[in-house]
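Coordinates in review
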Amino acid sequence: MMITGARGGTFSGLRRLVAMALAQELEALVVPGPEIARVHGLDLAKAGLPLAATPRHASVLLIVGDLPEGLRDAASVAYAQMPRPRAILALGAGDLAPLPAADVCAALSQDGLLGGLSELRRAFAAGAFRDDITDFEAPALEIRVEYTCPMHPEVISDKPGNCPKCGMVLMPRETDASGGDAGHTANESEATMTQHNTPAQPLKAQEHSKHASAEAAQYTCPMHPEVVSAEPGSCPKCGMFLVPVEDKDVDDKHSGHGGHGDHGDHGEHASAEAAQYTCPMHPEVVSAEPGSCPKCGMFLVPVEDKDVDDKHSGHTGHGGHGGHGDHGKHASAEAVQYTCPMHPEVVSAEPGSCPKCGMFLVPVEDKDVDDKHSGHGGHGDHGKHASVEAVQYTCPMHPEVVSAEPGSCPKCGMFLVPVEDKDVDDKHSGHSGHEGHEGHSGHGGHASAETVDGIEPHFMSMVDVTKDLPRSSDGLQMDWLEVPYGPFFPGLPGGLGLQLTLDGDTVSGTNIRNLVGYSTPLISTPLKPDDFIARLVKMMPHAPVSYGFLAVSALENAAGTAVNTNTAQGRAAALERERIASHLSWLADFGAQTGFRWLASRAATLQLEVQVADIAQIAALNSAITALVSRLQRAPLMRMRLKGIARLDDGADAAGPLARALGRNEDVRNDNEIFSALGFTPASQTGGDALARLQLRCDEIDQSLKLIAAAGVITAPVVEDIGKVTGKGEAALETPRGAAHLRLALKKGEVISAQLDTPSTRHVALIEDLTAQQELGDALAAIGSLDLAPWEIAGENRV
Amino acid sequence: MNIAIILASLVLGVYAIAVVESWSTYGRLRLGGPALSALALLGRESVLARKPDRLFFETAPVLLLVAGLLAVAVIPLAPGLIITDMATGALFLNAALAYVLVALIMAGWGANGAYGMIGGWRFLGQFIAYAMLIVMPITAVAMRAESLMTTQIVTSQLELWNIFYQPIGFVLFVIAAMGLAYLPPLDLPLAPGDLAGGIEAEYTGIRLGVLRLGRMVVILSLAGATVTFYLGGWLGPWLPPWAWSAIKILVVTVAMLVAGRYMPRIREARYLALSWKLGISLALANIFLVGVIALVVPI
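Quantities reported herein were computed from a predicted structural model and do not represent experimental measurements. (Residues numbered from 1 in each chain as written. Chains lettered and ligands numbered in written order. Predicted model: local features only at pLDDT ≥ 70, side-chain atom pairs only at ≥ 80, totals over all residues. Heavy atoms only, no water.)

**Some remarks on the overall build of chain B**
- A count of helical and extended segments in chain B gives 12 helices and 0 strands.
- The N-to-C order of helical and strand elements in chain B reads α-α-α-α-α-α-α-α-α-α-α-α.
- Its C-alpha atoms give chain B a radius of gyration of 19 Å, near enough to 19 Å, the size a compact globule of 299 residues would have.
- Oriented by its inertia axes, the alpha-carbon framework of chain B measures out at about 60 × 45 × 35 Å.
- Expressed as a percentage of the 299 residues in chain B, the buried residues total 60%.
- Only carbon and sulfur atoms are counted for the fraction: they give 78% of the accessible area of chain B, which is about 11,100 Å².
- The centroid of the 17 positive side-chain charges in chain B is displaced by 8 Å from the centroid of its 12 negative side-chain charges. (Helix = DSSP H or I, 4+ residues; strand = E, 2+ residues; numbered from the N terminus. Rg over C-alpha atoms; globule rule 2.2 N^0.38 Å. Buried < 20%, exposed > 50% of the residue type's maximum accessible area, 1.4 Å probe, protein only. Areas by Shrake-Rupley, 256 points an atom, 1.4 Å probe, with all protein chains shown as cover. Lys, Arg positive; Asp, Glu negative; His and termini not counted. Charge placed at Lys NZ, Arg CZ, Asp CG, Glu CD.)

The structure is reproduced here in structure tokens:
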């Protein structure tokens, strides 16, 4: 018996001993996440399978249930990051591609887990090492190195050598696997070391991307020119509308110019910089700007162009910083000018208001060092070039073709490539015009950055590097990083992918991409009522009972049938049981996220017991659950950790526990006579911060225990035969995360259409505001406090 | 000979700590666990991160281990059972453990990954929080012993252990030591929930093994320092001195390891604020009180 992810080496002697140890010391990365494993009744701690904090520390990829395609792709990246020997244990999973076939498949149950694990341990002990290992490449990570001529970008070779046209040495550059060369296989170590998707991205690449994103920015605040945004909106400092920035420079260049003697150089430059962002899954998608893939919505990842580093020594990554530094120097030597945000041609040496529109003039640090530009009107907006830059596009073969938009060359049809013009003073000197100037933008002084006496070319001064960056709430200017969080991050709900832009350790931007949302419309073909219920239950693993009852209620509403009080109370009790389990699961996740390990393990154990307990068992668990809740609230550092974190405004678009933690009495159960009969009174907290939400969930656990005791019976979500009904029905129900609404239409007893509104769809929109300018740990606690269920967020569904 | 005995007890101590730590982390007590873990780490690939700072990446785990070992050198386990009884032992302990900071920043930076790097820089912030609270309580301890020699500090507690003589200093020192050893709830540079392992996130296989071993030695040296400075070192009735040292060190270690299981990780900003605003004031008060007592009461 072997494992497919065995480590290379002859299996003998000491290695047998090591293999036995490996078999006992498995650590799991759970896909999609431990909370989903618990919903399915898997007790990993009991099975002796600890959770790894990162794929790097895991030896088992534990797959729980069927995975949508996007999640499988992400899992393949995580798998590639796991050190060998490694294996895949699939519980109740279907197709795994692009992952390799599972080493052990088992049923999705605790017994399946235990059986699968012992089989896996035997496989590890018997085959952790072997001579003939096969490489695994995550398709999302394929990168290959190709060689190209700095002067002739059309010359591309997969081997180093000299250019057949000019004899220059070909330069290596990394590219994604899209471009031909079918024979090439990215080797294993390359794949495992590339981490574009999960834990650590190469920092240089990130800086690169930061750079480019800065150039896409086009809106600025009239009062705070340092505020620059790629999208219209309002200024975070003063609330004014951001105004668009016209790059006058670009226009000038286009209108006036014929010459371009130095453009050969441009061409070279452009070719080196082509293809900056690409989709991990669709390598044919290439963009000059960060964003998401038009095909699958994944984050585009930066492609590091080795070439640029080598040649321009100072262009990408750290090189970019050199530029900033230089920029700073230049700027300090400059007189500050003032310009109108709306009329860049208005330039003044003194502050004041615009003669055209009366707006306040904003200061500009004109860093075009030389006085040769002094006659230019259009220079007013140069100052903010570092952040407000228009990218131009040019043909790699025909440098005279310059366009403000991407497209193809009218002469040869090649794709135009973006130009970051970094040619500096030496080139400018001969110009009468100033075509290079927009290139000064963050890269301003590359050339001179390399010639500072006594400082090596790549010297990176934090002061210079951060000089022009906006400041975050902690007042520190730091380098910006784009860091992927999820979809399997230990402190976040599984399936939810975030990309945080970190300014030091302060979150300055959040990009959300959910891999597991449900589709709208909910169904595409007519379904029988039972199938519809089953489908909804399967789609919503975080709260299957709630959504099952929601479907049942809507169907009964459409059919006009009603159930007797006893059944209704049993349903209420089942709902409350799920609420307890769900809140306990949230507590376990919260414990895992904040390192409160006792809470993580205790709450998880209780959740596993409660979610399948009958009335008598719940009564028996009652004291254990209340003990957990009261002990939790007395834990040291607890209040300090959560107080004031993620505070919502009173009017925030929040439902369920989030709204009730704001003191708003929003609860579908209020209007339900069954719940009234059981003695329901809505829980309420004030404050609206993470601490209030924790306390509210604790209160609700207590309350649900009482409701279940009052109901005295638990029933399952089944609908009686509703016959061949045609009609419409709707239902609302308080899920553990808030009110969900379902409207459906029946035709001859079959569900033909359905629309669903879920609380998580509303709550996911809160992330951005709650995390903005928060310290990283606080930001993640803020996201955690929302108790998002990624499956319950409307979006593309791949179930 | 002394060195051999101390190294042997170090191995035993580290093993015991590893058992306790694994229990505190996973909730399972497995006596054979650390041996299996070590073997398993040997068996796993030690992946080199993409574009690492190779020098930093390779050196950091070893440096952490060396820092811990150097600190152990001045911890007396019994009269005469000490690697080097320096005249500046208490100061040397500080100097050796200062390299923990360097090692962690190198580990974070070297892997060229965001999580590690943030973890490393976080520890720099953490250093600012704990550093003064290591040094200032030691000052008060040395004031009473009128020496920086660790053996002298132990014998100065013959009448009354420092934990009773200067309880404020004891509490501050233990908390600061937990910060230095980045133990929960002060495990900000690891923070599995926000940094996916932080400085350890990019380490695998044997390099991870050394990094974790280094931390165990640091924990052990700090527990040894706590016992030496506050719990009377080897002093105690009936049992032989080395046994008292062993028992006390184990108790302190278990307490430090288990405490974090029952509370959430502290917020970075709160930690710094508490350390400076409250901790340093208390440490100064402690020095003052100890000074007064040392002058007035002859114990």
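**A few points about the overall build of chain A**
- A tally of helices and strands in chain A yields 26 helices and 27 strands.
- A buried classification covers 57% of the 799 residues belonging to chain A.
- Sequence-distant contacts, at least 24 apart, represent 66% of the contacts inside chain A between residues at least 6 apart.
- Accessible area for chain A stands at about 29,900 Å²; split by element, carbon and sulfur atoms hold 53% of it. (Contact = heavy atoms within 4.5 Å.)

**Section: the side chain of A:Glu482**
- Here A:Glu482 shows up in strand β22 (residues 480-485).
- Side-chain polar atoms of A:Glu482 contact the side chain of A:Gln499, separated by 3.0 Å. (Polar contact = N/O pair within 3.5 Å; in protein donor to acceptor, adjacent residues only side chain to side chain.)

**Focus on the environment of B:Gly205**
Residues and elements named next belong to chain B.
- In this structure, Gly205 sits in helix α10 (residues 205-230).
- Since its relative accessible area comes to 2%, Gly205 is described here as buried.
- Ignoring sequence-local partners within four residues, the contact set of Gly205 consists of Leu41, Arg44, Glu45 and Ser46.

**Some details on the packing of helix α17 (residues 565-594) of chain A against helix α19 (residues 615-634) of chain A**
All names here are of chain A.
- At a closest axis distance of 13 Å, the pairing of α17 and α19 adopts a crossing angle of 35 degrees. In this structure, α17 crosses over α19, and the sense of that crossing is left-handed. The segment α17 lies against α19, with Arg577, Ile580, Leu584 and Leu587 engaging Ile618, Ile625, Leu628 and Leu632.
- Per-class residue counts for the contact of α17 with α19 are 7 nonpolar, no polar and 1 charged. (Axes fitted to C-alpha atoms, helices over the stretch in contact; angles between N-to-C directions. Left-handed = near helix turned anticlockwise from the far one by under 90°. Nonpolar A, V, L, I, M, F, W, Y, C, P; charged D, E, K, R; others polar.)

**Here we look at the pattern of salt bridges**
- This model, assessed by the stated rule, comprises 26 salt bridges over all chains.
- Among the ionic pairs, B:Arg267 bridges to A:Asp778, the shortest N-O distance being 2.7 Å. Highlighted residues: B:Arg267 in the loop between α11 (241-259) and α12 (268-296) and A:Asp778 in helix α26 (residues 776-785), drawn from two different chains.
- On the basis of relative accessible area, A:Asp778 is assigned to the buried category, the value being 4%.
- Linking B:Arg265 and B:Asp187 is a salt bridge whose minimum nitrogen-to-oxygen distance equals 2.9 Å. With B:Arg265 in the loop between α11 and α12 and B:Asp187 in the loop between α8 (167-180) and α9 (192-195), the pair connects residues that are 78 residues apart, well separated along the chain. Like B:Arg265, the residue B:Asp187 is buried in the burial classification.
- A single network of salt bridges, built from pairs that share partners, joins A:Glu576, A:Arg579, A:Arg660, A:Asp667, A:Arg669, A:Glu700 and A:Glu734. (Salt bridge = Lys/Arg side-chain N within 4 Å of Asp/Glu carboxyl O.)

**Focus: α11(B)**
- A rise of 1.5 Å per residue sets the reference length of α11(B), with its 19 residues, at 27 Å; its end C-alpha atoms lie 27 Å apart and thus fit the reference within 8%.
- Taken together, the buried positions of α11(B) are B:Ala243, B:Trp244, B:Ser245, B:Lys248, B:Ile249, B:Val252, B:Thr253, B:Met256, B:Leu257 and B:Val258.
- Of the surrounding secondary structure, the elements contacted by the buried residues of α11(B) are α18 (597-610) of chain A together with α1 (2-26), α8 and α10 of chain B. (Expected span 1.5 Å × (residues − 1).)

**Remarks on the sheet that holds strand β27 (residues 750-757) of chain A**
All names here are of chain A.
- The antiparallel open sheet is built from 3 strands, whose spatial order is β25-β26-β27. A strand with exactly one partner marks an edge of an open sheet, and here the two such strands are β25 (727-735) and β27. Strand after strand, the sheet turns through a mean of 20 degrees between neighbouring axes, direction not considered.
- Pairing of β25 with strand β26 (residues 738-747), which is carried by 9 bridges, proceeds in the antiparallel orientation. Across the sheet, residue Lys728 finds its bridge partner in β26, namely Ala745.
- In the packing of helix α15 (residues 529-539) onto the sheet, the strands contacted are β26 and β27, and the crossing angle to β27 comes to about 30 degrees. (Pairing = 2+ DSSP bridges.)

**Comments concerning the interface of chain A and chain B**
- Contacts between the two partners involve 65 residues from chain A and, on the opposite side, 53 residues from chain B.
- Both faces considered, chain A and chain B share a buried interface measuring about 5,200 Å² in area, 58% of it formed by carbon and sulfur atoms.
- Its largest share of buried area at the contact with chain B, chain A owes to A:Glu25, A:His57 and A:Arg597, together 14% of the area lost on that side.
- If you look at where chain A meets chain B, you find 3 salt bridges.
- With a closest N to O distance of 3.5 Å, B:Glu202 and A:Arg56 form a salt bridge.
- Counting every contact that joins chain A to chain B gives 19 residue pairs in polar contact (both at pLDDT 80 or more).
- Of all the elements in the fold, those that place two or more residues in the side of chain A that touches chain B are α1 (14-24), α6 (203-216), β22, α17, α18, α20 (638-642) and α26 of chain A.
- It is α1(A) that contributes the most residues to the side of chain A that touches chain B, 5 residues altogether.
- Residue composition of the side of chain A that touches chain B, grouped by class: 34 nonpolar, 16 polar and 15 charged. (Buried area = accessible area lost by both parts, 1.4 Å probe.)

**Observations regarding a negative patch on the surface**
- Taken together, A:Asp649, A:Asp650, A:Glu768 and A:Asp769 make up a surface patch of like negative charges.
- Assignment of secondary structure puts A:Asp650 in the loop between α20 and α21 (656-660). (Patch = residues over 30% accessible without salt bridge, like charges linked within 9 Å, V, L, I, M, F, W, Y side chains within 5 Å.)

**Observations regarding the sheet that holds strand β5 (residues 104-106) of chain A**
Residues and elements named next belong to chain A.
- Here we have 4 strands laid out as an open sheet, ordered β2-β3-β4-β5, and parallel in their pairing. The sheet terminates laterally at β2 (28-31) and β5, the two strands that pair on one side only. Strand-to-strand twist in this sheet, taken as the mean axis angle between neighbours without regard to direction, amounts to 20 degrees.
- For strand β3 (residues 60-64) and strand β4 (residues 87-91), the ladder comprises 5 bridges, and the chain directions are parallel. In the strand pairing of β4, Ile63 is matched with Ala90.
- Here helix α4 (residues 110-127) sits on the sheet in contact with β3, β4 and β5, set at roughly 160 degrees to β4.

**Side note on unusual backbone geometry**
- That bond from A:Val31 to A:Pro32 is cis: its omega, 5 degrees, falls within 30 degrees of zero.
- A cis amide bond links A:Arg84 to the next residue, A:Pro85, at an omega of -5 degrees.
- If you trace the backbone, A:Pro85 turns up in the loop between α3 (69-81) and β4.
- Positive phi, normally seen in glycine, also occurs at B:Glu146, with a value near 55 degrees.
- Here B:Glu146 shows up in the loop between α5 (114-145) and α6 (150-155).
- Of note, B:Ala191 is a non-glycine position whose phi angle comes to about 35 degrees, a positive value.

**Details of the packing of aromatic side chains**
- Scanning the entire structure with this criterion turns up 15 aromatic pairs over all chains.
- With a centroid separation of 5.7 Å and an interplanar angle of 75 degrees, the aromatic rings of B:Phe173 and B:Phe229 are classed as edge-to-face. Of this pair, B:Phe173 sits in helix α8 while B:Phe229 sits in helix α10, and the two are 56 residues apart along the sequence.
- Grouping aromatic residues by their ring pairs yields a cluster made of B:Phe123, B:Phe127, B:Tyr130 and B:Tyr182.
- It is A:Arg697 that lies over the ring of A:Trp586; its NZ or CZ is 4.3 Å from the centre. (Phe/Tyr/Trp six-rings, centres within 6.5 Å; stacked < 30°, edge-to-face > 60°. Lys NZ or Arg CZ within 6 Å of the ring centre and 35° of its normal.)

**Focus: a nonpolar patch on the surface**
All names here are of chain B.
- A grouping of Phe288, Leu289, Val292, Leu295, Val296 and Val297 is seen on the molecular surface, where their side chains present a nonpolar patch of about 610 Å² in accessible area.
- Inspection of the secondary structure assignment puts Val292 in helix α12.
- Judged by its relative accessible area of 37%, Val292 falls in the partly exposed class.

**Observations concerning the environment of A:Ala690**
- Residue placement: A:Ala690 occurs in helix α23 (residues 690-711).
- Between the C-alpha atom of A:Ala690 and that of A:His583, which follows or precedes it by 107 residues, the distance is 14 Å.

**Things to note about the environment of A:Gln773**
- Among the structural elements, A:Gln773 can be located in the loop between α25 (767-771) and α26.
- With 271 residues separating them along the chain, A:Gln773 and A:Leu502 place their C-alpha atoms 9.1 Å apart.

**Topic: the confidence of the model for chain B**
- In the predicted model, chain B carries a mean pLDDT of 88, and the fraction of residues at 70 or more is 99%.
- Scoring the predicted complex yields pTM 0.71 and, for the interface, ipTM 0.90. (pLDDT = per-residue confidence, 0-100.)

**Examining the packing of α17(A) against α18(A)**
Residues and elements named next belong to chain A.
- Packing of α17 against α18 brings their axes to within 7 Å, and their N-to-C directions diverge by 160 degrees. Judged on the interaxial angle alone, α18 and α17 are roughly antiparallel. Pair α17 / α18 crosses with left-handed handedness. Contacts between α17 and α18 pair Arg577, Ile580, Ala581, Leu584, Ser585, Leu587, Ala588, Phe590, Gly591 and Ala592 from the former with Arg597, Leu599, Ala600, Ala603, Ala604, Leu606, Gln607 and Val610 from the latter.
- Broken down by class, the residue content of the contact of α17 with α18 amounts to 13 nonpolar, 3 polar and 2 charged. (Parallel < 35°, antiparallel > 145°, perpendicular 65-115°, else oblique.)

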